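Understanding the architecture of this molecule
Take a look at the letters that make up each chain.
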Amino acid sequence: MDYYEILGVTRSASQEDIKKAFHKLAHKYHPDKGGDEKKFKEINEAYQVLSDKQKRQQYDQFGRVFDNGQPGAGADGFSGFNWAWGNSARGEETEFDFGDISDVFEEFFGGGRKSSKRDSRRGKDIQVDIEINLERTLKESAEKIELAKQVVCQRCNGSGAEPETKIKECFSCRGTGQVQQVKKTVFGSYTTLVTCPECKGEGTIPEKPCNVCRGEGRIKGQETIEVAIPAGIDTNQVIRVDGKGEAGKKGAKSGNLFIRIFVKQHSVFERRGDDLFAEREITFSQAVLGDKVELKTLEGTNILLQVPEGTESGKILRISGKGIPHFGGYGKGNLYVELKVKTPKKLNREQKKLLDELRKQGL
């Protein structure tokens, strides 16, 4: 499966061409619009790689060997505001470790021991689920998130050593992070490499461990993070914030923060893709004679709907550009209003008389 073929672009295509191709195909195959879900996921996967310059360069060089760096269900490989399908429970904050794609390359192309060391020190990723109103999808907004997590120790600045003291090479393993261990069995003795118990495989130890973090370089704390929620975002889309997960051990790389979005159902408007659907009741006389009726949009403004003469119940009017902004693109979806002719339950004497006259006239 070639990502360029999936998007229908050449290998020399510009980032703008890739974005336009993705936008066109995503709307064509979106499951909410009756499209092919499998094809839609392939398009999304291709876009996550080719829209990111670094990932695109890696893909051009190595191909799809590493499956876009994804640990499963498209939850990694994000660039800027990206999205995927997820399965964790709503309203929960969970931790998971996706690792780093650069570590995967090091593991396959050499330096495996060093990569393992980095993995053990790297901070864990954090996932948070948040719920927003449908109105917030109309324009970019900000969300403040309070996280309880491992943060960098301020006393040692993450080094794990007391200020003005040194970090030295481990005497036991000579900086390798591993020591030889001789084991005796009934068949004889053999030597194996095990993690150095002195430095825990890191190869270095502080001359004097930090009094606050006890040499970890991080402590439990809290951090408030403000995240931009892009216009047009939908349920199950995920925003990635690099470096805002758990702090790494002894100055190692921090994990990432993944924010999964859930959009609340609206009492008036139903969202289908980037289009909105609503109902508007009209009277029998308005349906027969035609009229102009008001409708309050999701933005909060009133618009006039032209009801044609002889309108039947169930007729749908389309109002262009009054839907949800296209995610990561230009323009908006449409608003579709279904007209419902209201049948009166109670009539006074004069109304009944008028209707009786109409009946005699064949209406």
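For the structure given in this document, a descriptive report is provided here. (Residues numbered from 1 in each chain as written. Predicted model: local features only at pLDDT ≥ 70, side-chain atom pairs only at ≥ 80, totals over all residues. Heavy atoms only, no water.)

**Some thoughts on helix α8 (residues 349-360)**
Structural remark: α-helix, 3.6 residues per turn; residues separated by three or four positions point the same way. Counted at 1.5 Å a residue, the expected span for α8 with its twelve residues is 16 Å, and the 17 Å between its end C-alpha atoms agrees. The buried count for α8 comes to zero of twelve residues, which makes it a mostly uncovered element. At the N-terminal end of α8, a side-chain oxygen is found 3.2 Å from the backbone nitrogen of Glu350, two or three residues along, and the residue is Asn348. (Helix = DSSP H or I, 4+ residues; strand = E, 2+ residues; numbered from the N terminus. Expected span 1.5 Å × (residues − 1). Buried < 20%, exposed > 50% of the residue type's maximum accessible area, 1.4 Å probe, protein only. Polar contact = N/O pair within 3.5 Å; in protein donor to acceptor, adjacent residues only side chain to side chain.)

**So, the sheet that holds strand β15 (residues 316-319)**
Strand order in the open sheet made by the four strands is β11-β12-β16-β15, with mixed pairing throughout. The open sheet terminates on both sides in strands that have one partner only, identified here as β11 (270-272) and β15. Going across the sheet, the axis of each strand differs from the next one's by a mean of 30 degrees, ignoring polarity. One ladder, built from seven bridges, connects strand β12 (residues 275-282) with strand β16 (residues 335-341); its direction is parallel. The partner of Glu279 across the bridge, within β16, is Glu338. (Pairing = 2+ DSSP bridges. Axes fitted to C-alpha atoms, helices over the stretch in contact; angles between N-to-C directions.)

**Concerning the pattern of salt bridges**
Going through the model one piece at a time under the given rule, you end up with 21 salt bridges. One salt bridge in this structure joins Lys249 and Glu216, with 3.5 Å as the shortest N-O distance. Pair noted here: Lys249 is in the loop between β9 (238-241) and β10 (257-263) and Glu216 is in the loop between β7 (204-206) and β8 (218-229), with a separation of 33 residues, a long-range link. Note on Glu216: relative accessible area 29%, which makes it partly exposed. Close ionic contact of Asp356 with Arg359 constitutes a salt bridge, the shortest N to O distance being 2.6 Å. (Salt bridge = Lys/Arg side-chain N within 4 Å of Asp/Glu carboxyl O.)

**Things to note about the packing of helix α2 (residues 15-29) against helix α3 (residues 37-50)**
Between α2 and α3, whose axes approach to 10 Å, the crossing angle comes to 165 degrees. Here α2 lies roughly antiparallel to α3, going by the angle between them. Our pair here, α2 against α3, has a crossing hand that is left-handed. Where α2 abuts α3, its residues Gln15, Ile18, Lys19, Phe22, Leu25, Ala26 and Tyr29 lie against Lys39, Phe40, Ile43, Asn44, Tyr47 and Leu50. Residue classes in the contact of α2 with α3 are distributed as nine nonpolar, two polar and two charged. (Parallel < 35°, antiparallel > 145°, perpendicular 65-115°, else oblique. Left-handed = near helix turned anticlockwise from the far one by under 90°. Contact = heavy atoms within 4.5 Å. Nonpolar A, V, L, I, M, F, W, Y, C, P; charged D, E, K, R; others polar.)

**Structural notes on a nonpolar patch on the surface**
A cluster of nonpolar side chains, contributed by Phe284, Val288, Leu289, Leu347, Leu355, Leu358 and Leu363, occupies part of the molecular surface with about 660 Å² of accessible area. Going through the elements one at a time, α7 (284-289) and α8 are the ones with two or more residues in the nonpolar patch. Element by element, the count of residues in the nonpolar patch is highest for α7, at three residues. (Patch = residues over 30% accessible without salt bridge, like charges linked within 9 Å, V, L, I, M, F, W, Y side chains within 5 Å. Areas by Shrake-Rupley, 256 points an atom, 1.4 Å probe, with all protein chains shown as cover.)

**Quick look at the packing of aromatic side chains**
This model, assessed by the stated rule, comprises four aromatic pairs. Ring centres of Phe22 and Tyr47 lie 4.0 Å apart, and the angle between their planes is 10 degrees; this geometry places the pair in the stacked category. One end of the pair, Phe22, is in helix α2; the other, Tyr47, is in helix α3, and 25 residues separate them in sequence. Taking relative accessible area as the criterion, Tyr47 reaches 14% and is therefore assigned buried. Geometrically, the ring pair formed by Phe277 and Tyr336 is stacked, given 5.0 Å between the ring centres and 15 degrees between the ring planes. Remark: Tyr336 occurs in strand β16 and Phe277 occurs in strand β12; sequence separation between them is 59 residues. By relative accessible area, which is 21% here, Phe277 ends up partly exposed. Cluster of aromatic residues (ring-pair linked, three or more members): Tyr3, Tyr4 and Tyr59. Seen from the ring of Tyr29, Lys39 lies directly overhead, with NZ or CZ sitting 5.9 Å from the centre. Lying over the aromatic face of Phe277, Arg272 brings its terminal NZ or CZ to 3.9 Å of the ring centre. (Phe/Tyr/Trp six-rings, centres within 6.5 Å; stacked < 30°, edge-to-face > 60°. Lys NZ or Arg CZ within 6 Å of the ring centre and 35° of its normal.)

**Observations regarding the side chain of Arg121**
You can see Arg121 is positioned in helix α6 (residues 112-121). Of the side chains with opposite charge, Glu202 lies nearest to the buried Arg121, which makes no salt bridge, at 4.8 Å. When neighbours within four sequence positions are excluded, Arg121 is seen to be in contact with Glu202, Arg218, Gly248, Lys249, Lys250, Gly251 and Ala252. (Lys, Arg positive; Asp, Glu negative; His and termini not counted.)

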